[in-house]
Amino acid sequence: MPLHIERPDLMPRRMLIGTDWREAADARRLDVSDPATDAIFASVPDGTAADARAAVDAAHAAFPAWRAVPAKQRAQILKRWNDLVMAHQEDLGRLISREQGKPLAEGRGEVAYAASYIEWFAEEATRANGEIIPAPVAGRRMLALREPVGVVAAVTPWNFPAAMIARKIAPALAAGCTVVCKPAEDTPLTSLALVKLAAEAGVPSGVLNIVTASRERTPEVVDAWLDDVRVRKITFTGSTPVGKHLARRSADTLKKLSLELGGNAPFIVFDDADLDAAVDGLMAAKFRNGGQTCVSPNRVFVQARVHDAFVDRLVARVGALKVGPATQADSQIGPMINARAVDKIERHVKDAVARGARVVVGGKRLRDARCDGPNYFAPTVLVNADATMECSCEETFGPVVPITRFESEAEVIAAANGTPFGLAAYFYSTDVRRISRVADALETGIVGINEGALAAEAAPFGGVKESGYGREGSVHGLEDYMHIKYVCQGQL
Ligand code: SIN
């Protein structure tokens, strides 16, 4: 089905480096397909190492002038970008849905979510205050100034093609940094549209550059940035193995890093919880974007006394979810991003069943008149899950809820923390003393208490342990793009 957008020029089909919308150095193209059918519907340049270096040349040349632009003016440009993004919410939502697969309502929602970060950092730009430090000796003035780090390389994921770009690029621009960006190979179109709108908003040439590249060519593009001393920061959202690789490879030039990596979020329902609220929270957290979210609950623990009642209520809700393409207005879960993703989900379910889990609803791929494509998986609830199963050890990144019954608070805290990851955790309880105890004990960067929807532009988003470091959003999101310069003036 053709993609109808009001402004066809929001699909520039070229990448922006410096002043030019251009092809890859060798003119090779990367096909973009619709996850609902795997049909190719667009293509973009398949960038090379030479393009990556050209992007750094442009960003490096633009940095002195951009950092010198008064913060208020940078803020005004970001505000215009925010306004343009919201003015084109429908087109951007359609682009997201078509290349990423999420239902259109979620696509539109993601545009607003992305814009919220742009607006937030437009406001934060003007508050990047430094400090005057009371000098310990007479005759000195001591200052701590905040400066932009320089050229930032942003490597962004496919699951939120607009929001993750905005959450990285808006604070970088607000801080006075210039940017080279590589969007995920599955979802380059949304990012190109956002970059086009940024240019329209007044972001000067060279300040924001984008290189699209295939899975095969991504290593050469990213390596070119890792090796380049002019790139002073890498910001990445994606898998923990890739995050570790970036940390190792950037050690030679000691780049600043923000790594938002895999999660394996526990979702705990205590027997004093409001069960309806817990089911609502799990539905919201788990099935957003079809479970393809790094804060998605991956391991659900339910206390023995309420286990069966909770499972019954959950299964009724999960069984009623409507799966289908983004083009069907009533779809609540779209296709998964690609064949690798569905294969992994299927492998996790089969492994769980082989190790003793039972499928209560779903448990298989879907292919019928409505889900007429290879990448659909039925929303699934498994009971009798345990820590030996693949679905408990790594992110499934799909619509699967594995449930484990537990007896005591101590046991469930040990289980929840028994993972190398530490991004988000959720729990439901009405006991005020337990609430403080459990929130303190959970080893994650984000904790949801009686709440399943946690992310917001004003909140710090990021993990601990092998879920990475750095924070996105909030006042802390700007700090990640700045360093502190201590200035000491004597002889006063
Ligand atoms: C992510 O999955 O990386 C981001 C999710 C969010 O912003 O809530």
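These notes cover the structure that comes with them. Quantities reported herein were computed from a predicted structural model and do not represent experimental measurements.

Criteria and cut-off values
- Residues numbered from 1 in each chain as written.
- Predicted model: local features only at pLDDT ≥ 70, side-chain atom pairs only at ≥ 80, totals over all residues.
- Heavy atoms only, no water.
- Core = buried A, V, L, I, M, F, W, Y, C linked by side-chain atoms within 4.5 Å.
- Buried < 20%, exposed > 50% of the residue type's maximum accessible area, 1.4 Å probe, protein only.
- Contact = heavy atoms within 4.5 Å.
- Near = heavy atom within 4 Å.
- Polar contact = N/O pair within 3.5 Å; in protein donor to acceptor, adjacent residues only side chain to side chain.
- Areas by Shrake-Rupley, 256 points an atom, 1.4 Å probe, with all protein chains shown as cover.
- Nonpolar A, V, L, I, M, F, W, Y, C, P; charged D, E, K, R; others polar.
- Helix = DSSP H or I, 4+ residues; strand = E, 2+ residues; numbered from the N terminus.
- Phe/Tyr/Trp six-rings, centres within 6.5 Å; stacked < 30°, edge-to-face > 60°.
- Salt bridge = Lys/Arg side-chain N within 4 Å of Asp/Glu carboxyl O.
- Expected span 1.5 Å × (residues − 1).
- Arc of directions from axis to C-beta.
- Pairing = 2+ DSSP bridges.
- Axes fitted to C-alpha atoms, helices over the stretch in contact; angles between N-to-C directions.

1. Things to note about the nonpolar core
For step 1, the next point in the chain: Grouped together as the largest cluster of nonpolar side chains are 90 residues, with contacts concentrated most on Trp81, Val85, Leu173 and Trp225.
For step 2, the next point in the chain: Residues in contact with Leu173, not counting those within four places in the same chain, are Trp66, Arg74, Leu78, Trp81, Val179, Val203 and Val207.
For step 3, the next point in the chain: Within the second largest apolar cluster, 57 residues are counted, among which are Met283, Leu321, Val323 and Ala385.

2. Overview of the site of the ligand
For step 1, the next point in the chain: Around the ligand, the structure places 13 residues, and the nearest of them are Tyr113, Asn159, Arg167, Arg288 and Cys294.
For step 2, the next point in the chain: Tyr113 is positioned such that a nitrogen or oxygen atom in its side chain is 2.6 Å from an oxygen atom of the ligand.
For step 3, the next point in the chain: Notes on the ligand: free accessible area 260 Å², of which the protein chains cover 100%.
For step 4, the next point in the chain: Here the shell around the ligand is composed, by residue class, of 7 nonpolar, 3 polar and 3 charged.

3. What to know about the side chain of Ser474
For step 1, the next point in the chain: Tracing the sequence through the fold places Ser474 in the loop between strand S21 (468-469) and helix H15 (476-479).
For step 2, the next point in the chain: Judged by relative accessible area, Ser474 falls into the buried class, the value being 2%.
For step 3, the next point in the chain: Ignoring anything within four residues of it in the chain, the contact list for Ser474 reads Trp120, Phe121, Glu457, Ala458, Ala459 and Pro460.

4. Side note on the packing of aromatic side chains
For step 1, the next point in the chain: The tally for this structure, following the rule as stated, stands at 6 aromatic pairs.
For step 2, the next point in the chain: Plain terms: the ring middles of Trp158 and Phe397 are 5.7 Å apart, the flat faces sit at 85 degrees to each other, and that makes the pair edge-to-face. With Trp158 in the loop between strand S7 (151-155) and helix H5 (163-175) and Phe397 in the loop between helix H12 (390-393) and strand S16 (400-406), the pair connects residues that are 239 residues apart, well separated along the chain.
For step 3, the next point in the chain: Classification of Phe397 by relative accessible area gives buried; the value is 18%.

5. A short note on the pattern of salt bridges
For step 1, the next point in the chain: Considering all chains together, one arrives at 40 salt bridges under this definition.
For step 2, the next point in the chain: The closest approach of N and O atoms between Arg365 and Glu346, which form a salt bridge, is 3.1 Å. Residue Arg365 is found in the loop between strand S14 (358-361) and strand S15 (380-383), and its partner Glu346 is found in helix H11 (residues 339-354); the two are separated by 19 residues along the sequence.
For step 3, the next point in the chain: Of the residues examined, Arg365 reaches a relative accessible area of 31% and is grouped as partly exposed.
For step 4, the next point in the chain: Glu443 serves as the salt-bridge partner of Lys465, at 2.9 Å between the closest nitrogen and oxygen. Pair noted here: Lys465 is in strand S20 (residues 464-465) and Glu443 is in the loop between helix H14 (432-441) and strand S19 (446-449), with a separation of 22 residues, a long-range link.
For step 5, the next point in the chain: For Lys465, a relative accessible area of 35% gives the class partly exposed.
For step 6, the next point in the chain: Given a relative accessible area of 38%, Glu443 falls into the partly exposed group.

6. Some words on helix H2 (residues 71-87)
For step 1, the next point in the chain: Across its 17 residues, H2 extends 24 Å between first and last C-alpha, which sits within 8% of the 24 Å expected from 1.5 Å per residue.
For step 2, the next point in the chain: Residues of H2 that are buried: Arg74, Ala75, Ile77, Leu78, Trp81, Asn82 and Val85. Projected down its long axis, H2 carries its buried residues within an arc of 160 degrees, all on one side. Across H2 from its buried face, at more than 90 degrees, point the exposed residues Lys72 and Ala87.
For step 3, the next point in the chain: Among the structural elements, helix H1 (49-68), helix H3 (89-100), helix H4 (104-125), H5 and helix H6 (188-201) are those in contact with the buried residues of H2.

7. Observations regarding the side chain of Glu124
For step 1, the next point in the chain: Locating Glu124 in the fold gives a position in helix H4.
For step 2, the next point in the chain: Excluding residues within four positions of it along the chain, Glu124 makes contact with Val475 and Leu478.

8. Things to note about the sheet that holds strand S5 (residues 131-133)
For step 1, the next point in the chain: Strand order in this open sheet of 3 strands is S5-S6-S22, and the pairing throughout is antiparallel. Two strands bound the open sheet, and with one partner strand each, they are S5 and strand S22 (482-489). Between one strand axis and the next, the sheet turns through 25 degrees on average, direction left out of account.
For step 2, the next point in the chain: Relative to strand S6 (residues 141-148), S5 runs antiparallel, the two sharing 3 bridges. Opposite Ile133, over in S6, you have Met142 as the bridge partner.

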